[in-house]
Amino acid sequence: MELLPRSPGEFGSAQYWDRFFRQRGQRPFEWYGAFPELCTVLHKYVRHRDKVLVVGCGNSELSEQMYDVGMCEDIVNIDISDAVIRQMQERSRSKRPKMSYLLMDMLQMDFPDAHFQVVLDKGTLDAVLTDEEEATLAKVDKMFAEISRVLQVGGRYLCVSLAQAHVLKKAVEYFSQEGWVVRVHQVAGSGDKHEFVLPVFVYVMTKFRKIPGSALQILEICPEEQDKPMRVESVEQLVAAVKDRQHYALLCSQLSKTPCGEQVSLDLCEKESGRPRYTLHVVDSPSMKPSRDNHFAIFIIPQGRETEWLFGTEEGRKQLAASAGFGRLVTAALHREQHYEGMAGIQVELSGKVMELAPPGLPARQQVPFLSVGGDIGMRTVRHRDTSALSGEYVVEDVKGDGTCYFRRLIFLRNRNVVQSEARLLAPASLPGQKKRRKDKKKPSPSEPPAAIDKSYLCCEHHKAMVAGLCLLGGPDALPASLVVLVVGLGGGSLPLFIHDYFSQAHVAVVEIDPSMLEVATRWFGFSQGDRMRVHISDGLDYVAQLAAEVSAFPPAAPAQYDVVMFDVDSKDLTVGMSCPPPAFVEKPFLQKVKTILKPEGVFVLNLVCRDARLKESVLATLREVFPLLYVRRIEGEVNEILFCQPSPEGRRDPTELGARARVLEGALRQPGCPWDSSYVLADMLQAIKIL
């Protein structure tokens, strides 16, 4: 049976609605939910003594139910369909004497001005505003003008709608420009998510006298019926907020029906500030055979550990879900500068929301476990927060790792899931010269991290690989007697500091464009300058170009001077598919300048982070054009690749020679106070390095 129009324009036709209601018969047609879903919102804005007009009433039971529960009785219903008006008059005549049904066009109503306190519209605006053609918009303007005319000052126009963007924008713009207060409610529990996916909204437009010359707009949204309204600044923000809730409803509907092929992520934000509080990832394991006890679980990632491979990458979360043994695992990352009341508080806060993400087939009243590492939510302490003109907003924070280890991190908030620099913190008993505490002394709080930096430990895997590349230098039995190193990119200073401290023959020059980073490295990461360590505040491009110009201009007086040149510099442009280094650092003319300042037997070490396969291939091709010998060390679980480039093909080493050199480097690092792990070198160089 045909119940829908052939074209959207038929929604405005009386003939269409006559035919529709004759075919449908006595069965009520409820646009966007029935009275039980709407009653909480309606109770807020409809008083018992109000005179209510329902426009485009159809054969909905909404008016009848409002009357029967005693919400109000003075209700006038109008519609352009003669068939439905006669049907509804017959249905209510004897039962509801104070309620009337009239055949009337809402675009040209017979009521006097300011006759009603409430105008109720359930789906009528959506039916009229089917497109944005000029004739349609003119009809809507006429509808709004008539509603405004028959409403008293202080009266409310309640419009139940699916809130398509063009419908919401038109209504909000029209009435806010007239000086009305506009509030949008999301109707909680509207519809069956298995049948009716989109959420229902109620626009509440309250009429005020327009103040001449005033541009004040009061726009608010109530995400759920019990929430306090939140003020928004513009129509665009209101439309965007509604769209977010529609997308979330679609997502929940899809997740309730089928397993998700790809991981889904979403942020849960504070209602007042709008700041993210939790980031959720939904991970399905299709191969997992569900039983009553392994359908669904929530995993709380301890604070500060969201950047680790297991929690911060898609592959890591897949492995986590598989090892946890649940068909669907939702991971929840906790955001910095938010306060959490322990695992129990998080469970209370998240329980209702995460159940909306439950998988299909979850048994009714199934207990859903909350999991974590070690049973707690970890620790994160923000030590310093500031803004750099070059790097933007950044934080220095201490976090707790596995067991009793603590780490200090530098995070650029423009890319908050990437750790720029990291250092391990020394436990108090590990400090040089630290005396043992007397038994009667107060013990340090287990939640308070230590403050001293462990300079002997490289946290970043790519830094370990970069240091391991030094085994390409020197003869078969020893490293060079002196080692001149240029590092472009300071960060927290861990890489140059390690080379300085554990290669006594090394003289290290560091180039850093951002003076704020030198201050951060010195104050928070234990970095210091001396006779063998100097920092130059300069653009790395300019610094290398100047050195190359000196070498080219005065070859005998200024020979190529560096044994090692290292690039560990991030790109400030997030639109490029390469976040390290900036593209200008791997252009051929600049790479030739790098080669110029490098000794013939030296090595150029580059930290490359590139997600764009074509761009990476182009970078590698350019490097091959400049450097005859190119090695790569890929780091498992990370995007980073460390490239070792040598200016002379005579530097090629076979695996046996690389092994011997690796042992030389390892032996050189076995100094008192240096807990060098041989896997830094042997595993990196013997097992993973490849000649390109």
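Structural notes, computed from the coordinates. Since we're looking at a predicted model, the values are computed, not measured. (Residues numbered from 1 in each chain as written. Predicted model: local features only at pLDDT ≥ 70, side-chain atom pairs only at ≥ 80, totals over all residues. Heavy atoms only, no water.)

Broken down by element type, the protein chain carries 19 helices and 27 strands. For the protein chain, the residues scored as buried account for 52% of the 692 residues in total. Contacts spanning at least 24 positions in sequence make up 70% of the contacts within the protein chain whose residues lie at least 6 apart. Carbon and sulfur atoms make up 51% of the accessible area of the protein chain, which totals about 32,400 Å². (Helix = DSSP H or I, 4+ residues; strand = E, 2+ residues; numbered from the N terminus. Buried < 20%, exposed > 50% of the residue type's maximum accessible area, 1.4 Å probe, protein only. Contact = heavy atoms within 4.5 Å. Areas by Shrake-Rupley, 256 points an atom, 1.4 Å probe, with all protein chains shown as cover.)

A word on unusual backbone geometry. Residues Cys-580 and Pro-581 are joined by a peptide bond in cis, for which omega reads -5°. By secondary structure assignment, the location of Pro-581 is in the loop between strand S23 (578-580) and helix H16 (588-596). Phi is positive for Ala-114, close to 50°, though the residue is something other than glycine. Locating Ala-114 in the fold gives a position in the loop between strand S3 (100-103) and strand S4 (116-122). For Ala-163, which is not glycine, the phi dihedral falls at a positive 60°. Within the secondary structure, Ala-163 is located in the loop between strand S5 (151-161) and helix H7 (165-177). Residue classification places Ala-163 among the buried residues on the basis of a relative accessible area of 2%.

Spatially, S10-S11-S13-S12-S14 is the arrangement adopted by the 5 strands of the open sheet, whose pairing is mixed. If you trace the sheet from one side to the other, it starts and ends with strand S10 (264-269) and strand S14 (370-372), each paired once. When strand polarity is set aside, the average angle formed by the axes of neighbouring strands in this sheet is 25°. Where strand S12 (residues 296-301) lies against strand S13 (residues 328-334), 6 bridges are found, and the strand directions are parallel. Within S13, the position partnered with Ile-298 by the bridge is Val-330. (Pairing = 2+ DSSP bridges. Axes fitted to C-alpha atoms, helices over the stretch in contact; angles between N-to-C directions.)

Time to look at the pairing of S13. With 7 of 7 residues buried, S13 is to be regarded as a mostly interior element. By the alternation rule, side chains of S13 split into Arg-328, Val-330, Ala-332 and Leu-334 and Leu-329, Thr-331 and Ala-333, which are all buried. Across 7 bridges, strand S11 (residues 276-284) lies against S13 in antiparallel orientation. Within S13, the position partnered with Thr-279 by the bridge is Ala-333.

All right, on to the packing of aromatic side chains then. For the structure on display, the rule yields 15 aromatic pairs. Centre to centre, the rings of Phe-111 and Phe-116 are 5.0 Å apart; their planes meet at 90°, and the pair counts as edge-to-face. Considered together, Phe-111 and Phe-116 belong to a single accessibility category, that of buried residues. Three or more aromatic residues link up through ring pairs in this structure, and these residues are Phe-144, Tyr-157, Tyr-174, Phe-175 and Trp-180. (Phe/Tyr/Trp six-rings, centres within 6.5 Å; stacked < 30°, edge-to-face > 60°.)

Mapped onto the fold, His-185 is located in strand S6 (residues 181-186). Within the structure, His-185 has its side chain in polar contact with the side chain of Tyr-45 (distance 2.6 Å). Excluding anything up to four places from it in sequence, His-185 contacts Val-41, Lys-44, Tyr-45, Val-200, Phe-201, Val-202, Val-204 and Cys-222. (Polar contact = N/O pair within 3.5 Å; in protein donor to acceptor, adjacent residues only side chain to side chain.)

Another point: the packing of helix H15 (residues 540-553) against H16. Where H15 meets H16, the axes come as close as 9 Å, and the angle between the chain directions of the two elements is 55°. Comparing their axes, H16 and H15 come out oblique. In this structure, the crossing between H15 and H16 has a hand that is left-handed. For the pair H15 and H16, contact is made by Gly-540, Leu-541, Val-544, Ala-545, Ala-548, Val-551 and Ser-552 and by Phe-590, Lys-593, Val-594 and Thr-596, respectively. Looking at the contact of H15 with H16 residue by residue, the class counts come to 7 nonpolar, 3 polar and 1 charged. (Parallel < 35°, antiparallel > 145°, perpendicular 65-115°, else oblique. Left-handed = near helix turned anticlockwise from the far one by under 90°. Nonpolar A, V, L, I, M, F, W, Y, C, P; charged D, E, K, R; others polar.)

Here we take up the pattern of salt bridges. The final tally for this structure, using the stated rule, is 36 salt bridges. Asp-50 is the salt-bridge partner of Arg-156, the closest N and O atoms lying 2.8 Å from each other. With Arg-156 in strand S5 and Asp-50 in the loop between helix H2 (35-45) and strand S1 (52-55), this residue pair connects regions lying 106 residues apart in the sequence. Measuring nitrogen to oxygen at the nearest pair gives 2.6 Å for the salt bridge that ties Arg-414 to Asp-570. Here the residue Arg-414 occupies a position in the loop between strand S17 (406-412) and strand S18 (419-425), and Asp-570 occupies one in the loop between strand S22 (562-567) and S23, the gap between them amounting to 156 residues. Judged by its relative accessible area of 29%, Arg-414 is partly exposed. (Salt bridge = Lys/Arg side-chain N within 4 Å of Asp/Glu carboxyl O.)

Structurally, the position occupied by Ser-256 is in helix H8 (residues 235-257). Among the polar contacts made by the side chain of Ser-256, one reaches the main-chain carbonyl oxygen of Ser-253 at a distance of 2.7 Å.

Another point: empty space enclosed by the protein. Taken as a whole and assessed by the stated rule, the structure comprises 3 cavities of 30 Å³ or more. Estimated volume of the largest cavity: approximately 60 Å³. Split into classes, the residues belonging to the lining of the largest cavity amount to 7 nonpolar, 1 polar and 2 charged. The volume enclosed by the second largest cavity comes to roughly 40 Å³. What lines the second largest cavity is a set of 11 residues, among which Asp-293, Phe-296, Gln-366, Gln-367 and Pro-369 lie closest to the centre. (1 Å grid on protein atoms, 1.4 Å probe; cavity = no way out; pocket = protein on both sides within 12 Å on 5 of 7 lines; lining within 4 Å. Points joined across faces, edges and corners; volume = space filled by probe spheres on them.)

What the 4 strands build is an open sheet, ordered S15-S16-S17-S18; its pairing is antiparallel. The open sheet terminates on both sides in strands that have one partner only, identified here as strand S15 (380-388) and S18. Here the strands of the sheet are splayed against their neighbours by 15° on average, with no regard to which way each runs. As paired elements, strand S16 (residues 392-400) and S17 share 7 bridges and run antiparallel to each other.

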